[in-house]
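# Notes for the structure review
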Amino acid sequence: MHIHKYEKIWLLFGIISLLAFTVTIGVSAFYMGNQPPSCLVTVDPTKLDTTAPFDQPGLKQVGEKDYELVVVASAFNYDVGPEKVIQVPVGSKINFIGTTKDVIHGFEVAGTNANMMLEPGYINTVETTFNKPGKYTIVCNEYCGLGHHLMFATVEVVE
């Protein structure tokens, strides 16, 4: 069987690309230790109102500029404490801890790297530092029903 010169070149290019991608993934996974997130931390979604820390959602200061924000998502609402606006000073690091009572919700702080999926029965966390003052909107980026567009809260970073 005769293979044309250009076919050989493209076959060689494809094989080299596959090898390069495989080596990249192997180095990332085994040498650098990057792994997909695991859902090892679970909670009973029917008992969130009596399970710490979700029984008192909201912002807690845990260090000089370190904060922990406990978020409970439910039918078209983010429960982030008594206010829908969370205020922190510039340079603050917030560890978002979230879960949901009912269906899958998204959690994204627009303009930052904070982005996670909230699933019933699982606790998810993401941490980000706010170095610029301004208002950052927390939105649900996973369609969750007719009132999906009503799910929001705000992180206000002040000087």
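About the cut-offs
- Residues numbered from 1 in each chain as written.
- Predicted model: local features only at pLDDT ≥ 70, side-chain atom pairs only at ≥ 80, totals over all residues.
- Heavy atoms only, no water.
- UniProt positions renumbered as here; feature names shortened; annotations may be inferred.
- Helix = DSSP H or I, 4+ residues; strand = E, 2+ residues; numbered from the N terminus.
- Buried < 20%, exposed > 50% of the residue type's maximum accessible area, 1.4 Å probe, protein only.
- Polar contact = N/O pair within 3.5 Å; in protein donor to acceptor, adjacent residues only side chain to side chain.
- Contact = heavy atoms within 4.5 Å.
- Core = buried A, V, L, I, M, F, W, Y, C linked by side-chain atoms within 4.5 Å.
- Patch = residues over 30% accessible without salt bridge, like charges linked within 9 Å, V, L, I, M, F, W, Y side chains within 5 Å.
- Areas by Shrake-Rupley, 256 points an atom, 1.4 Å probe, with all protein chains shown as cover.
- Salt bridge = Lys/Arg side-chain N within 4 Å of Asp/Glu carboxyl O.
- Phe/Tyr/Trp six-rings, centres within 6.5 Å; stacked < 30°, edge-to-face > 60°.
- Pairing = 2+ DSSP bridges.

## A look at the UniProt feature "domain: Cytochrome oxidase subunit II copper A binding" (unreviewed entry) in the chain
Look at the UniProt record and you will see "domain: Cytochrome oxidase subunit II copper A binding" (unreviewed entry) annotated at residues 66-159. Across residues 66-159 one finds 0% helix and 59% strand; the C-alpha atoms that close the span lie 15 Å apart.

## Some thoughts on the UniProt feature "transmembrane region" (unreviewed entry) in the chain
Residues annotated by UniProt as "transmembrane region" (unreviewed entry) correspond here to residues 9-32. For the annotated span residues 9-32, helix accounts for 96% and strand for 0% of the residues, and the straight-line distance between the end C-alpha atoms is 33 Å.

## Notes on the side chain of Thr99
Examined against the element boundaries, Thr99 turns out to sit in strand E5 (residues 92-100). For Thr99, a relative accessible area of 0% puts it in the buried group. A distance of 2.8 Å separates a polar side-chain atom of Thr99 from the backbone oxygen of Tyr122. Not counting the four nearest positions on each side in its chain, Thr99 is found in contact with Val43, Leu48, Phe54, Val71, Val72, Ala73, Leu118, Glu119, Gly121 and Tyr122.

## Digging into the nonpolar core
If you look at the biggest cluster of nonpolar residues, it comprises 25 residues, and the most contacted ones within it are Tyr78, Ile94, Phe96, Phe107, Val109, Phe130 and Val155. Sorting the residues of this core by element identifies strand E2 (66-74), strand E4 (85-89), E5, strand E6 (105-109), strand E7 (115-118), strand E8 (124-130), strand E9 (134-139) and strand E10 (152-158) as the ones contributing at least two each. Among the elements that line this core, the one with the most residues is E2, at 4 residues. Apart from residues lying up to four places away in sequence, Phe96 is in contact with Leu69, Phe107, Val109, Ala114, Met116, Asn124, Thr125, Val126, Thr128 and Phe130. In terms of nonpolar packing, the next biggest core, distinct from the first, is built from 6 residues, Leu48, Phe54, Val70 and Ile97 among them.

## Structural notes on a nonpolar patch on the surface
Taken together, the side chains of Tyr6, Ile9, Trp10 and Phe13 make up a nonpolar region of the molecular surface, amounting to roughly 520 Å² of accessible area. Its location among the elements puts Tyr6 in helix H1 (residues 5-31).

## Quick word on the packing of aromatic side chains
Scanning the entire structure with this criterion turns up 4 aromatic pairs. With a centroid separation of 5.7 Å and 85° between ring planes, the pair formed by Tyr78 and Phe107 is classed as edge-to-face. In this pair, Tyr78 is assigned in strand E3 (residues 77-79) and Phe107 in strand E6, connecting sequence segments 29 residues apart. Across this residue pair, the class does not change: Tyr78 and Phe107 are buried. Ring centres of Phe130 and Tyr136 lie 5.1 Å apart, and the angle between their planes is 65°; on these two criteria the pair is classed as edge-to-face. As far as the burial class goes, Phe130 and Tyr136 line up, both buried. Every member of this aromatic cluster is reached through a ring pair, and the members are Tyr78, Phe96 and Phe107.

## Some words on the pairing of strand E1 (residues 58-61)
Remark: a regular strand shows side chains that alternate across the two faces of the sheet. For E1 and E2, the ladder comprises 4 bridges, and the chain directions are antiparallel. Each residue of the ladder has a partner; that of Leu59, found in E2, is Leu69. Connecting E1 to the antiparallel partner E2 that follows it, the hairpin turn spans 4 residues.

## A word on the pattern of salt bridges
Under the criterion given, the structure shown has 3 salt bridges. With its nearest N and O atoms 3.1 Å apart, the salt bridge here joins Lys101 to Asp49. With a gap of 52 residues between them, Lys101 in the loop between E5 and E6 and Asp49 in the loop between H1 and E1 connect regions that are remote in the sequence. Take Asp49: its relative accessible area is 55%, and that puts it in the exposed class. Here Lys93 and Glu127 are joined by a salt bridge, their closest N and O atoms 4.0 Å apart.

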